[in-house]
Amino acid sequence: MNYSFRKKNKTVKFIIIHYTGMKNLRSAYAKLSKINSDVSCHYLISRSGIIFNLLCPNLKAWHAGKSQWKNITNLNDYSIGIELENRGHQFGYDDFTSTQYASLKKLTYFLKKNFQIDEQNVIYHSDISPNRKKDPGEKFDINKIGINRFKNFISYKKKISIEELLKIYGFSKFYIRRYQSDCIISVKRSLKYKKINNKINKKFIKDFYNLLFDK
Ligand SMILES: [Zn+2]
């Protein structure tokens, strides 16, 4: 099997964005739609902008794996998974195409409206599994799909610890404690840094503040 039924008390609250990380669309499509592959997603968007609906969003797809966000565990229970065709860091990380962004924007808008998903709940695989995942990665620009994940965080507080910033971003306590470096790397991908490492310097802190808070 590569999907299951959603439990009645576990409703869709999130959209998780991924990249396929495979050499081509054909192999990604084959893997994600194969019943015994152990992985699946609801939607796959090709580089040419075609949206493949692989699984009904009312069913639970297996795309997130071991994951946490804020105080929620196992995000598959609460999410819709969208895979973007991209070879990923392993096989030659491509720029996402403008047609891909256009299709993702339409799909996100549709899903947000139909499942009443908050803008701040459109998140990345690297956010919910920072110790294992890089996708969609630093080339992904969420502004291009008209989503502002952090617009509700209004108060600008001075001198917040890095742990507190990571918590406000949304990482679970477990990941902050156990995989803080990986969380920092995930934030750098979110900030679309060209050079990705776990170093904390003044520029990073400033960029992190600006990401989370209104100026
Ligand atoms: Zn992923």
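Residues numbered from 1 in each chain as written. Predicted model: local features only at pLDDT ≥ 70, side-chain atom pairs only at ≥ 80, totals over all residues.

Enquirer: Any chance you could break down the sheet that holds strand β3 (residues 43–45) for me, citing the residues and the numbers?
Expert: Overall, mixed pairing links the five strands, which are arranged β4-β3-β8-β2-β9 in an open sheet. Looking at which strands have only one partner, the edges of the open sheet turn out to be β4 (51–53) and β9 (122–124). Each strand axis lies, on average, 25 degrees off the axis of its neighbour in the sheet, ignoring direction. Across the sheet, helix α1 (residues 25–33) is in contact with β3, β4 and β8 (79–84); its angle to β3 comes to roughly 180 degrees. Set on the sheet, helix α3 (residues 98–115) makes contact with β2 (14–19), β3, β4, β8 and β9; between it and β8 the angle comes to about 170 degrees. (Pairing = 2+ DSSP bridges. Helix = DSSP H or I, 4+ residues; strand = E, 2+ residues; numbered from the N terminus. Axes fitted to C-alpha atoms, helices over the stretch in contact; angles between N-to-C directions. Contact = placed C-beta atoms within 7 Å.)

Enquirer: Can you lay out the pairing of β2 for me, pointing to particular residues and giving the numbers?
Expert: Consecutive side chains along a regular strand alternate between the two faces of the sheet. The buried fraction of β2 amounts to six of the six residues, a majority that puts the element mostly inside the structure. Bridge analysis of β2 against β8 gives six bridges, and the strand direction is parallel. Note that in β8 the partner of isoleucine 17 across the bridge is isoleucine 82. The sheet contact formed by β2 and β9 spans three bridges and is parallel. When the bridges of β9 are listed, isoleucine 15 appears paired with valine 122. (Buried ≥ 20, exposed ≤ 12 C-beta atoms within 10 Å, placed from the backbone.)

Enquirer: Any chance you could break down the domain arrangement of the protein for me, citing the residues and the numbers?
Expert: Domain assignment breaks the protein into domain 1 (3–145) and domain 2 (162–212). On a C-alpha basis, the centres of domain 1 and domain 2 stand 21 Å from each other. Contact with domain 1, which involves 13 residues of that partner, is made by 15 residues of domain 2. For the side of domain 1 that touches domain 2, the elements supplying multiple residues, two or more each, are β6 (68–69) and α4 (125–128). Across the side of domain 1 that touches domain 2, the residue classes tally to three nonpolar, five polar and five charged. (Domains from an automatic or database assignment. Nonpolar A, V, L, I, M, F, W, Y, C, P; charged D, E, K, R; others polar.)

Enquirer: So what's going on with α3? Which residues, and what values?
Expert: Under the 1.5 Å per step criterion, the end-to-end length of α3 is 25 Å for 18 residues, consistent within 8% with the ideal 26 Å. For α3, every residue scored as buried is listed here: Gln100, Tyr101, Ser103, Leu104 and Thr108. The arc that holds the buried residues of α3, viewed along the axis, is 160 degrees, so those residues lie on one side. α3 presents Ser98, Phe110, Lys113 and Asn114 as exposed residues on the side facing more than 90 degrees away from its buried surface. (Expected span 1.5 Å × (residues − 1). Arc of directions from axis to C-beta.)

Enquirer: So what's going on with the environment of glycine 88? Residues and values would help.
Expert: You can see glycine 88 is positioned in helix α2 (residues 88–91). A tally of 20 C-beta atoms within 10 Å means that glycine 88 is categorised as buried. With near-sequence residues (within four places) excluded, glycine 88 lies in contact with Tyr19, Thr20, Gly21, Tyr93 and Asp135.

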